[in-house]
Amino acid sequence: MELAQLRYFVAVVEEGSFTGAGARLHVSQPGVSAQVRRLERELGQRLLDRSGRRVTPTETGEAVLSYARAALAAVEGVRRTAEEFSGLLRGRVALGLIPGAAGAVVNGFDVVEALGNFHDEHPRVEIALSEDTSERMLAALLRGELDLAVVGLGGEPPAGISCQVLLDEPLVAAVRADDPLLAQSVNGGIPLAALRDRALISLPRGTGLRGVLERACAEAGFAPRVEFEAAAPAVLVRLAARGLGVAVVPSGAESGAGSRAGGALCALRITEPALNGRVALAWRTAGPAGPAARRLLGRLRAEAPGRPAP
């Protein structure tokens, strides 16, 4: 069994085709197919189902997949560790971000600036950025597909994940100045129950903020009527300024985008219960596998504001 065969097998599963795997690995499609067939012959089992439009792992292939990934990760770890002793930090760090995090400055912490400074010091380290929902990124951290992530927290982080909270802000209902909710407000706040029959504008399912909203509404005895979704809070408030519903956003998002909306928005604190949205830097509790990721984590934790999540 050769590492190249395992690498080809994993690539075919992840790409869903031999052609896609070949393009990813810069190898011809027949070459990928031949190597995977050699692996199957050696194991005496079919690993891939080739009957559909998309190539999928068989039951045996699914069982083998995690071991193949672990073997490749172990070899990569050996290489990175050896390179670390050469005096020049190398490697690759996979960093996940909630949408909008790369363009935002959180409590004086600028992710892009921090990454730029790290790259200046360690130019041989490749940093791969991706955007996704918090729920999927936390799962990817546990699987080892991401090294670090900036996520929204809807509650306590899952077992095996440690976090440093970067931002903890109350959630507000952003509405136009002519919205009937203003007449119902008391001292700038409205109870959550006031949103029961309103069209809401929220982040998508799988985000920390959406989780906070849905759990609170369920405890209050109703399901939120979300009619518009967007991945970035700034877009939510623009939709609210257009009169398309009530945007549930962190208070800071409303104030920034509200100014661009020409003062057409008002922020009402959500009370009974008060809701908060949190953004955090997350990593596996055991720590990232590679030295580059560990070094970047230490750098980000030192520069970032906040505190450990409970």
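Residues numbered from 1 in each chain as written. Predicted model: local features only at pLDDT ≥ 70, side-chain atom pairs only at ≥ 80, totals over all residues. Heavy atoms only, no water.

Trainee: If you had to explain the overall build of the chain to someone new, which residues and values would you point to?
Mentor: Scanning the chain for helices and strands turns up eleven helices and 15 strands. Referenced to the eigenvectors of the C-alpha coordinate spread, the extents of the chain come out at roughly 75 × 50 × 35 Å. Across the 310 residues that make up the chain, the buried fraction comes to 45%. Relative to all contacts within the chain whose residues are 6 or more apart in sequence, the contacts with residues 24 or more apart total 74%. Charged side chains in the chain number 35 positive and 34 negative. The centres of these two groups are separated by 4 Å. (Helix = DSSP H or I, 4+ residues; strand = E, 2+ residues; numbered from the N terminus. Buried < 20%, exposed > 50% of the residue type's maximum accessible area, 1.4 Å probe, protein only. Contact = heavy atoms within 4.5 Å. Lys, Arg positive; Asp, Glu negative; His and termini not counted. Charge placed at Lys NZ, Arg CZ, Asp CG, Glu CD.)

Trainee: Mind laying out helix 3 (residues 29-43), listing which residues take part and the relevant values?
Mentor: The end-to-end C-alpha separation of helix 3 is 21 Å, in line with the 21 Å expected for 15 residues at 1.5 Å each. Among all positions of helix 3, only Val32, Ser33, Gln35, Val36, Leu39 and Glu40 are buried. For helix 3, the arc enclosing every buried residue in end-on projection is 165°, short of the 170-degree limit, so these residues lie on one face. Among the exposed residues of helix 3, those oriented more than 90 degrees off its buried face are Pro30 and Arg41. Buried positions along helix 3 lie against helix 1 (3-15), helix 2 (18-25) and strand 1 (48-49). Immediately beyond the C-terminal end of helix 3, within one or two residues, lies Gly44, with a positive phi of roughly 75°. (Expected span 1.5 Å × (residues − 1). Arc of directions from axis to C-beta.)

Trainee: Tell me about the confidence of the model for the chain, residues and numbers included.
Mentor: Residues of the chain with pLDDT of at least 70 account for 91%, and the chain-wide mean is 86. Mean pLDDT across the elements of the chain ranges from a minimum in helix 10 (residues 251-260), with 56, to a maximum in strand 10 (residues 200-202), with 95. Within the model, pLDDT remains below 50 along residues 256-262, and this stretch shows seven contacts once partners closer than five positions in the same chain are excluded. (pLDDT = per-residue confidence, 0-100.)

Trainee: Please set out the side chain of Gln35 residue by residue, giving values where relevant.
Mentor: For Gln35, the position within the fold is in helix 3. The buried category is assigned to Gln35, whose relative accessible area is 19%. Sequence-distant contacts of Gln35, that is, excluding residues within four places in its chain, are made with Glu2, Gln5 and Tyr8.

Trainee: I'd love a proper account of helix 8 (residues 208-220), names of residues and values included.
Mentor: In this model, helix 8 (13 residues) spans 19 Å end to end at C-alpha, consistent with the 18 Å of a helix rising 1.5 Å per residue. All buried positions along helix 8 are accounted for by Gly208, Leu209, Arg210, Gly211, Val212, Leu213, Ala216 and Cys217. Gly221 sits one or two residues past helix 8 and shows a positive phi near 95°.

Trainee: For the environment of Leu115, give the residues involved together with the corresponding values.
Mentor: If you trace the backbone, Leu115 turns up in helix 5 (residues 111-121). Among the residues examined, Leu115 registers a relative accessible area of 9% and is labelled buried. With 184 residues separating them along the chain, Leu115 and Arg299 place their C-alpha atoms 9.3 Å apart. With near-sequence residues (within four places) excluded, Leu115 lies in contact with Leu95, Ile127, Leu129 and Leu296.

Trainee: Now, about the pattern of salt bridges: what can you tell me, with residues and values included?
Mentor: A complete count under the given rule lists 16 salt bridges for this structure. One salt bridge connects Arg50 with Glu40, and the closest N-O pair in it is separated by 2.9 Å. Residue Arg50 is found in the loop between strand 1 and strand 2 (56-57), and its partner Glu40 is found in helix 3; the two are separated by ten residues along the sequence. In this structure Arg50 comes out as partly exposed when scored by relative accessible area, which is 23%. On the basis of relative accessible area, Glu40 is assigned to the buried category, the value being 8%. Here Glu214 ties to Arg205 by a salt bridge, and the two come within 3.3 Å at their closest N and O atoms. Given the relative accessible area of 57%, Arg205 is considered exposed. Three or more residues joined by partner-sharing salt bridges are found here, namely Glu14, Glu15, Arg24 and Arg69. (Salt bridge = Lys/Arg side-chain N within 4 Å of Asp/Glu carboxyl O.)

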